[in-house]
Amino acid sequence: MAKTILGNEKGFYETFYRKPGDNENTHYCPGCGHGIIHKLIAEAIEDFDIADRTIFVSPVGCSVFAYYYFAAGNIQAAHGRAPAIATAVKRANPEAIVISYQGDGDLAAIGGNNILQAANRGEPITVFFVNNAIYGMTGGQMAPTSLPGMKTTTTPYGRSQENEGPPMKVAELLSQLDGPTLVQRTAVWDNKSIAKTRIAIRNAIKCQMEGKGFSLIEMLSACPSGWKVDTTDQYDWMQKNMAPYFPLGVFKDLRKEREPWFRKKGDPGKEAILKELDLKREEPTAFPAELSDSKYSNPSIKLAGFGGQGILSAGAILANAGMEQGMHSSWIPSYGPEMRGGTAYCFVNLSEHEIGSPTVSHPDVLLAFNRPSMEKFVAELKPGALLIYDSTIIDVKPTREDIEIIAVPATEIADELGSTRMANTVMLGAYIAHTGILSSEAIEQSLPFTLKRKNLIEANRKALARGMEIGP
Ligand code: SF4
């Protein structure tokens, strides 16, 4: 079936390895317009001989699996973000032909601002916008392009002017911007309209190949499953219901007027960027890192407490100190919406090797700053891992027997030094003294990165030293 619809253009893979045992068929429903549009795009890729430099960005939606079909570079984007991904890909690879392929829920709803900004910038990418007036993949909800009166799972009484407003006309909207070069609406409901869509698709790709800038082709396409219309009636349905709201035609075409323009390839280089930004970057200080054979080497660390305890700052200091010491390091924060008092935690990786993933599911080290955090995360620790907790404010003893546990009265020490808020630095001191993973100099050099008030640096140095007295 799919082979009949999609054919075997070189723009497609020979076989579709989406599911074991079924490498002949696409996942699209019978009658779906995506198959026709895919074929037209694949033909163009083959005829223009650009498969080796085409990068296809597929959306969230029914066409999410486009990467199983197009024999080109493929990236699957987060919902609505295909134009941003396409922008980045094109800027990094100016010679690539970058195609963003999106449906109406993806492009016009959650990705509305993304497409607006990309079009307004005139990004030299090609956008194929498949408008079938409904969310297909997620079960038939109303899309911005759903028709007046249309019954969907979220408009069971029909889309109304009063509640949902009129359909969004994307081609008309984007053609008002100065950025785009070519904006056109076509349809795939009969041979004639498919032939016109074929030409439009080719023009849009050529627009990019010739350096003429941004193009978007909106294509009215069938979704018999979402509409709950028989496939034998779908094309009549489209012409009767969609055509009045979405007139076909060219809304903007500046291909003849616009001068070809190609972004220059290449990274200007670190030195050129630093010079341009007038930044001076000191080389990392090489502190001895004789840790390869230590059980504490290359740790994945979680720091957890509540907002306002300096959890994220302590993590950032660790990560920065790791870099100062010539390690690879990563830091990812996570916190609740509250400015004060909500949960806060962060992941830090310090490694002599490149870091594959910055997230930490099973840490080697947990620095726990309050009881809920300790109770929540202690179970995640690997056997043999290290738990350091603030025993001033955590009044229970951890029960795990297969981990190493150090109690640090961090808040009490910080209070003695004049500020509870330095408890985080006391904890860092205990950690580095116990493990030897980082030198105190590396931590001290990193303090100014997170401490806004410079008069706090000396006090934090003292807090670090006090923590180090406990650590061993
Ligand atoms: S739900 Fe609609 S758009 Fe999605 S695959 Fe089926 S027919 Fe095509």
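Whatever comes next refers back to the structure up there.
Now for a quick tour of the structure. All of these numbers come straight from a predicted model, not from anything done at the bench.

## With respect to the pairing of strand β8 (residues 300-306)
Walk down a regular strand and you will see the side chains alternate between the two sheet faces.
Argument step 1. Of all seven residues in β8, six are buried; the element is thus mostly enclosed.
Argument step 2. Pairing geometry for β8 and strand β10 (residues 343-351), over seven bridges, is antiparallel. When the bridges of β10 are listed, Phe 306 appears paired with Thr 343.
Argument step 3. Sheet topology places β8 next to strand β11 (residues 365-368); four bridges connect them, and they run parallel. Along β11, the bridge assignment pairs Ala 304 with Ala 368.

## Structural notes on helix α15 (residues 440-450)
Argument step 1. Among all positions in α15, only Ala 442, Ile 443, Ser 446 and Leu 447 are buried. Each buried residue of α15 lies within a common arc of 150° when the element is viewed along its axis, so the set occupies one face.
Argument step 2. Of the surrounding secondary structure, the elements contacted by the buried residues of α15 are α11 (311-324), α14 (423-435) and α16 (455-470).

## Quick word on the site of the ligand
Argument step 1. Close to the ligand lie Tyr 28, Cys 29, Cys 32, His 34, Cys 62, Asn 132, Gly 136, Cys 223, Pro 224 and Ser 225.
Argument step 2. Its residues assigned to classes, the shell around the ligand shows six nonpolar, four polar and no charged.

## Concerning a nonpolar patch on the surface
Argument step 1. Taken together, the side chains of Leu 116, Met 168 and Leu 173 make up a nonpolar region of the molecular surface, amounting to roughly 220 Å² of accessible area.
Argument step 2. Along the chain, Leu 116 falls in helix α5 (residues 112-121).

## Things to note about the sheet that holds strand β1 (residues 54-58)
Argument step 1. Spatial strand order, β2-β1-β3-β4-β6-β5-β7: seven strands in an open sheet with mixed pairing. Here the strands that pair on one side only, and so sit at the sheet edges, are β2 (73-76) and β7 (249-253). When the angles between neighbouring strand axes are averaged without regard to direction, this sheet yields 15°.
Argument step 2. Of the strands in this sheet, β1, β3 (97-103), β4 (126-131) and β6 (215-220) touch helix α2 (residues 34-47), which is tilted by about 175° from β3.

## Quick word on the environment of His 34
Argument step 1. Residue position: His 34 is located in helix α2.
Argument step 2. Looking at His 34, the relative accessible area reads 4%, which means it is buried.
Argument step 3. In the structure, His 34 is positioned 349 residues away from Pro 383 in sequence and 51 Å away in space, judged by C-alpha atoms.
Argument step 4. Apart from the residues lying within four places of it in its own chain, the contact partners of His 34 are Tyr 28, Cys 62, Ser 63, Tyr 101, Val 130 and Ser 221.
Argument step 5. Here Tyr 101 takes part through its side chain, which lies 2.7 Å from a polar atom of the side chain of His 34.

## Some points on the nonpolar core
Argument step 1. In this structure, Leu 303, Leu 318, Leu 367, Tyr 431 and Leu 438 are the most contacted members of the largest nonpolar core, which totals 41 residues.
Argument step 2. Not counting the four nearest positions on each side in its chain, Leu 438 is found in contact with Leu 318, Ala 321, Gly 322, Gln 325, Met 327, Leu 350, Ile 432 and Ile 443.
Argument step 3. Within the second largest apolar cluster, 31 residues are counted, among which are Cys 32, Ala 44, Phe 56 and Tyr 101.

## Looking at empty space enclosed by the protein
Summary: where empty space remains is shown by rolling a probe the size of a single water molecule over the atoms.
Argument step 1. Tallied over the full model, the rule gives two cavities of 30 Å³ or more.
Argument step 2. Roughly 180 Å³ of internal volume is contained in the largest cavity.
Argument step 3. As for the largest cavity, its lining consists of 18 residues, and the residues nearest its centre are Gly 61, Cys 62, Gly 103, Asp 104 and Gly 136.
Argument step 4. In terms of residues, the lining of the largest cavity owes the most to one element, helix α4 (residues 104-110), which gives three residues.
Argument step 5. Looking at the lining of the largest cavity residue by residue, the classes come out as seven nonpolar, nine polar and two charged.

## Examining the pattern of salt bridges
Argument step 1. Enumeration over the complete set of coordinates arrives at 19 salt bridges.
Argument step 2. Arg 121 is paired through a salt bridge with Glu 123; the nearest N and O atoms lie 2.7 Å apart.
Argument step 3. With a relative accessible area of 43%, Arg 121 lands in the partly exposed category.
Argument step 4. Of the residues examined, Glu 123 reaches a relative accessible area of 2% and is grouped as buried.
Argument step 5. Taken together, the shared-partner salt bridges connect Glu 43, Asp 47, Arg 198 and Arg 202 into one network.

## Concerning the side chain of Asn 370
Argument step 1. Positionally, Asn 370 belongs in the loop between β11 and α12 (371-377).
Argument step 2. Only 2.5 Å separates the side chain of Asn 370 from the side chain of Ser 373, close enough to count as a polar contact.
Argument step 3. Beyond its immediate chain neighbours, meaning those up to four positions away, Asn 370 contacts Ala 304, Gly 305, Phe 306, Gln 309 and Ile 394.

## What to know about the packing of helix α3 (residues 82-92) against α5
Each pair of packed helices can be described by the angle between their axes along with the distance between the axes.
Argument step 1. Two elements in contact, α3 and α5, have axes whose closest approach is 8 Å; the angle formed by their N-to-C orientations is 35°. In contact with Pro 83, Ala 84, Thr 87 and Arg 91 of α3, α5 contributes Asn 114, Ile 115, Ala 118 and Arg 121.
Argument step 2. Its residues placed into classes, the contact of α3 with α5 shows four nonpolar, two polar and two charged.

## Regarding the side chain of Gln 102
Argument step 1. Looking at the secondary structure, you find Gln 102 in strand β3.
Argument step 2. Overall, Gln 102 belongs to the buried group, its relative accessible area being 0%.
Argument step 3. Within polar-contact distance, the side chain of Gln 102 engages the side chain of Ser 100 at 2.9 Å.
Argument step 4. Not counting residues within four places of it along the chain, the set of residues in contact with Gln 102 comprises Pro 59, Gly 80, Ala 82, Pro 83, Leu 107, Ile 115, Val 127, Phe 128, Phe 129 and Val 130.

What counts and what doesn't
- Residues numbered from 1 in each chain as written.
- Predicted model: local features only at pLDDT ≥ 70, side-chain atom pairs only at ≥ 80, totals over all residues.
- Heavy atoms only, no water.
- Buried < 20%, exposed > 50% of the residue type's maximum accessible area, 1.4 Å probe, protein only.
- Helix = DSSP H or I, 4+ residues; strand = E, 2+ residues; numbered from the N terminus.
- Pairing = 2+ DSSP bridges.
- Arc of directions from axis to C-beta.
- Contact = heavy atoms within 4.5 Å.
- Near = heavy atom within 4 Å.
- Nonpolar A, V, L, I, M, F, W, Y, C, P; charged D, E, K, R; others polar.
- Patch = residues over 30% accessible without salt bridge, like charges linked within 9 Å, V, L, I, M, F, W, Y side chains within 5 Å.
- Areas by Shrake-Rupley, 256 points an atom, 1.4 Å probe, with all protein chains shown as cover.
- Salt bridge = Lys/Arg side-chain N within 4 Å of Asp/Glu carboxyl O.
- Axes fitted to C-alpha atoms, helices over the stretch in contact; angles between N-to-C directions.
- Polar contact = N/O pair within 3.5 Å; in protein donor to acceptor, adjacent residues only side chain to side chain.
- Core = buried A, V, L, I, M, F, W, Y, C linked by side-chain atoms within 4.5 Å.
- 1 Å grid on protein atoms, 1.4 Å probe; cavity = no way out; pocket = protein on both sides within 12 Å on 5 of 7 lines; lining within 4 Å.
- Points joined across faces, edges and corners; volume = space filled by probe spheres on them.

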